[in-house]
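Next come the chains, spelled out residue by residue.
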Amino acid sequence: MALDLEAIYTDLHRHPEVSYQEHRTASILADALRGLGLDVTEGIGRTGVVGVLTNGDGPVVLLRADMDALPVAEETGLEYASTEHGTDPDGHDVPVMHACGHDVHVTCLLGAAEALAELRSEWSGTVVALFQPAEELGSGANEMIADGLYDRIPKPDIVLGQHVAPAPAGVVGVHAGPAFAATDDVMITLHGKGGHGSRPESTIDPVVMAAATVMRLQGIVSREVAGGETAVVTVGTMHAGTKVNIIPPDATLGINIRTYDTEVRDRVVSAIGRIANAEAAASGALQAPDIELSDSFPVLHNDEAATERVLGAFRSAFGPERVIDPGRVTGSEDVGALATAAGVPIVYWLLGGLDPQLFTKALANGTTDADIPSNHSPFFAPLIHPTLEVGVQALVVAAREWLGA
Ligand SMILES: [Zn+2]
Ligand SMILES: [Zn+2]
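Attention here is on the structure that accompanies the text. As the structure is a computational prediction, the values presented were derived from the model and not from experiment.

Procedures and definitions
Residues numbered from 1 in each chain as written. Chains lettered and ligands numbered in written order. Predicted model: local features only at pLDDT ≥ 70, side-chain atom pairs only at ≥ 80, totals over all residues. Heavy atoms only, no water. Helix = DSSP H or I, 4+ residues; strand = E, 2+ residues; numbered from the N terminus. Rg over C-alpha atoms; globule rule 2.2 N^0.38 Å. Contact = heavy atoms within 4.5 Å. Areas by Shrake-Rupley, 256 points an atom, 1.4 Å probe, with all protein chains shown as cover. Lys, Arg positive; Asp, Glu negative; His and termini not counted. Charge placed at Lys NZ, Arg CZ, Asp CG, Glu CD. 1 Å grid on protein atoms, 1.4 Å probe; cavity = no way out; pocket = protein on both sides within 12 Å on 5 of 7 lines; lining within 4 Å. Points joined across faces, edges and corners; volume = space filled by probe spheres on them. Nonpolar A, V, L, I, M, F, W, Y, C, P; charged D, E, K, R; others polar. Donors = N, O, S within 2.8 Å, 3.2 Å for Na, K, Ca; no water. Tetrahedral: all angles 85-135°; square planar, octahedral: opposite > 155°, others 65-115°. Buried < 20%, exposed > 50% of the residue type's maximum accessible area, 1.4 Å probe, protein only. Salt bridge = Lys/Arg side-chain N within 4 Å of Asp/Glu carboxyl O.

## As for the overall build of the protein chain
Thinking step 1. Along the protein chain, the regular secondary structure elements total twelve helices and 18 strands.
Thinking step 2. The globule rule puts the C-alpha radius of gyration for 405 residues at 22 Å, and the 23 Å found for the protein chain is close to it.
Thinking step 3. Overall, the C-alpha framework of the protein chain stretches about 80 × 50 × 45 Å when taken along its three principal axes.
Thinking step 4. Partitioning the contacts of the protein chain with sequence separation of at least 6, the portion at a separation of at least 24 is 83%.
Thinking step 5. Summing over all exposed atoms, the protein chain offers an accessible surface of approximately 17100 Å²; the carbon and sulfur share of this is 53%.
Thinking step 6. For the protein chain, the separation between the mean place of its 23 positive charges and that of its 54 negative charges on side chains is 6 Å.

Here it is, written out as structure tokens:
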């Protein structure tokens, strides 16, 4: 019996699960893949599920979908909106929503597995349908690799996948070369010397030190990154103090960096360290700041030749007017790790998911940034049709570019 993708999608949307807790999702997928006749391995990288469809000699094509949802309270007003709660890594109760659209990815990959199983007389090779946990933490792909992924399933010749995006449903977008930014987090603790707010001369004020550091950090992108290069440096958190008349002993800054080039990334990271140390010295700090680098996503580099092949397949399947180049996006993705670990190329594209009328209206009003909800927004509500159909077809036509006629 054919899979009812709309029912699967709305069920997953209603029951989202946060990173590494995708147990219900994983078991639904494992059952469905077995029903399609795939060899299924569960529990790779905690909750990862992989279905393998072996169909004679030929290339191994890995299709990837991520499964996790986010701690966001859904406000879409959809009939199938989530009211679920879950537990975040710190043990807090949080509302949960598929605000990044990973339920779209999962449903489309299931649909593609079904279509490729049905069409098996028309191609030869091996299809690996990989469902990954914890993309939102940036660690799920590496967790699967560390858990012996490529000892347990056939090693791919190509990695393919897609992300639903705030673009009109019906459209697909691919960018060759560096397509998704690398991201790095830097936590800095600046050490001052606490004391009474009325006697600053007896203290070393970490609040002023932090403020000067934040301002000086703004110079990195404008003065140390060339006009033709790109970087983003955002101070997202800044914490100090407990009471207005106390100068606190220290201050912390949480900094997020986005880059497309390793050399630029290394330059930005080292500039941040240099500035933090120099501002601490300028304040007369007795102790150097603690600087901790964490949560790295590498840059996602779409292989140029493989992207050309996918583009050609998309243009003939969808018509050239529905295939766009979205340029580089400053969002990040860990899917590249699956290709890097296998030493093979990757092509990862964007799948338009929103009501095209939203764009027509917002463009007419000049309000696209304000009116189009993007991924991670509580209002992010992909259109079911034609998003699912296009997402399934995109995976199938891209896979068949390698699997042959
Ligand atoms: Zn996301
Ligand atoms: Zn996502």
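Having seen the structure, we can now continue with the description.
## Some words on empty space enclosed by the protein
Thinking step 1. Applying the stated criterion to the full structure yields one cavity of 30 Å³ or more.
Thinking step 2. Around the largest cavity, the lining residues are Gly 173, Val 174, His 175, Ala 179, Phe 180, Asn 302, Pro 326, Gly 327, Val 329, Tyr 348, Trp 349 and Leu 350.
Thinking step 3. For the lining of the largest cavity, the secondary structure elements donating two or more residues are β9 (177–180) and β18 (346–354).
Thinking step 4. It is β18 that contributes the most residues to the lining of the largest cavity, three residues altogether.
Thinking step 5. Of the residues in the lining of the largest cavity, the class split is eight nonpolar, four polar and no charged.

## What about the coordination of the zinc ion (ligand 1)?
Thinking step 1. The protein atoms that coordinate the zinc ion (ligand 1) are Cys 100 (SG), Glu 136 (OE), Glu 136 (OE) and His 376 (NE2), at distances spanning 2.0 to 2.7 Å.
Thinking step 2. One can describe the site at the zinc ion (ligand 1) as irregular: its four donor atoms subtend angles covering 53 to 150° at the metal.
Thinking step 3. Along the chain, the residues donating to the zinc ion (ligand 1) are arranged with the sequence spacing C-x35-E-x239-H.
Thinking step 4. For His 376, a relative accessible area of 38% puts it in the partly exposed group.

## Quick word on the pattern of salt bridges
Thinking step 1. What the rule picks out here adds up to 17 salt bridges.
Thinking step 2. In this structure, the salt-bridge partner of Arg 34 is Glu 42, at a minimum N-O distance of 2.6 Å.
Thinking step 3. With a shortest N-O distance of 3.5 Å, Glu 401 and Arg 309 are connected by a salt bridge. In this pair, Glu 401 is assigned in helix α12 (residues 387–403) and Arg 309 in helix α8 (residues 304–318), connecting sequence segments 92 residues apart.
Thinking step 4. Linked by salt bridges that have partners in common, Arg 64, Asp 66, Glu 333 and Asp 334 make up one network.

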